[in-house]
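Observations on the model geometry
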Amino acid sequence: MFKLTDRRALVVYINGNRVVRTLRHYGIVRYVSRRMHYVILYVNQDQIDQLKTKISHLRAVRAVEESARPDLDPTLTDLEMTGLYKIHDEDDK
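Let us look at the structure shown here. (Residues numbered from 1 in each chain as written. Predicted model: local features only at pLDDT ≥ 70, side-chain atom pairs only at ≥ 80, totals over all residues. Heavy atoms only, no water.)

Taking strand neighbours across the sheet as the criterion, the four strands line up as S2-S3-S1-S4 in an open arrangement whose pairing is antiparallel. Of all the strands in the sheet, just strand S2 (28–33) and strand S4 (61–66) have a single pairing partner and so form its edges. The mean inter-strand angle of the sheet, taken between neighbouring strand axes irrespective of direction, is 25 degrees. Across five bridges, strand S1 (residues 7–14) lies against S4 in antiparallel orientation. Bridge pairing in S4 links Val 12 to Val 64. Contacting S1, strand S3 (38–44) and S4, helix H2 (residues 48–56) runs over the sheet at an angle of about 160 degrees to S4. (Pairing = 2+ DSSP bridges. Helix = DSSP H or I, 4+ residues; strand = E, 2+ residues; numbered from the N terminus. Axes fitted to C-alpha atoms, helices over the stretch in contact; angles between N-to-C directions. Contact = heavy atoms within 4.5 Å.)

The following block contains the structure:
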């Protein structure tokens, strides 16, 4: 029977668009922003630490960040409690 593998998205900030072809060897490329120079790359959860270091050592890669989405509570409606959003004076409550 088919078994789902746990995956996580990596946001890879790149200097040039040529590295996108190389990133396909590490995972599934879901989105490429050619104007803002970043790539959304899905990799297996158990290999994320190894792949993050390998990808960050590539020549045209500026930074690699993990997606925070799997860590968030889907039932949470208040973003201020999570620390993702800070209320400013200009915001309406």
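Tallied over the full model, the rule gives two salt bridges. Here Glu 66 ties to Arg 8 by a salt bridge, and the two come within 2.8 Å at their closest N and O atoms. Separated by 58 residues along the polypeptide, Glu 66 in strand S4 and Arg 8 in strand S1 bring together distant segments of the chain. By relative accessible area, Glu 66 is classed as partly exposed at 31%. Given a relative accessible area of 6%, Arg 8 falls into the buried group. Across the pair Glu 66 and Lys 52 runs a salt bridge whose closest N-O atoms are separated by 3.3 Å. You can see Glu 66 sitting in strand S4 and its partner Lys 52 sitting in helix H2, a full 14 residues away along the chain. If you follow the salt bridges from partner to partner, you end up with Arg 8, Lys 52 and Glu 66 in one network. (Salt bridge = Lys/Arg side-chain N within 4 Å of Asp/Glu carboxyl O. Buried < 20%, exposed > 50% of the residue type's maximum accessible area, 1.4 Å probe, protein only.)

What is shown is where atoms sit, not what they do.
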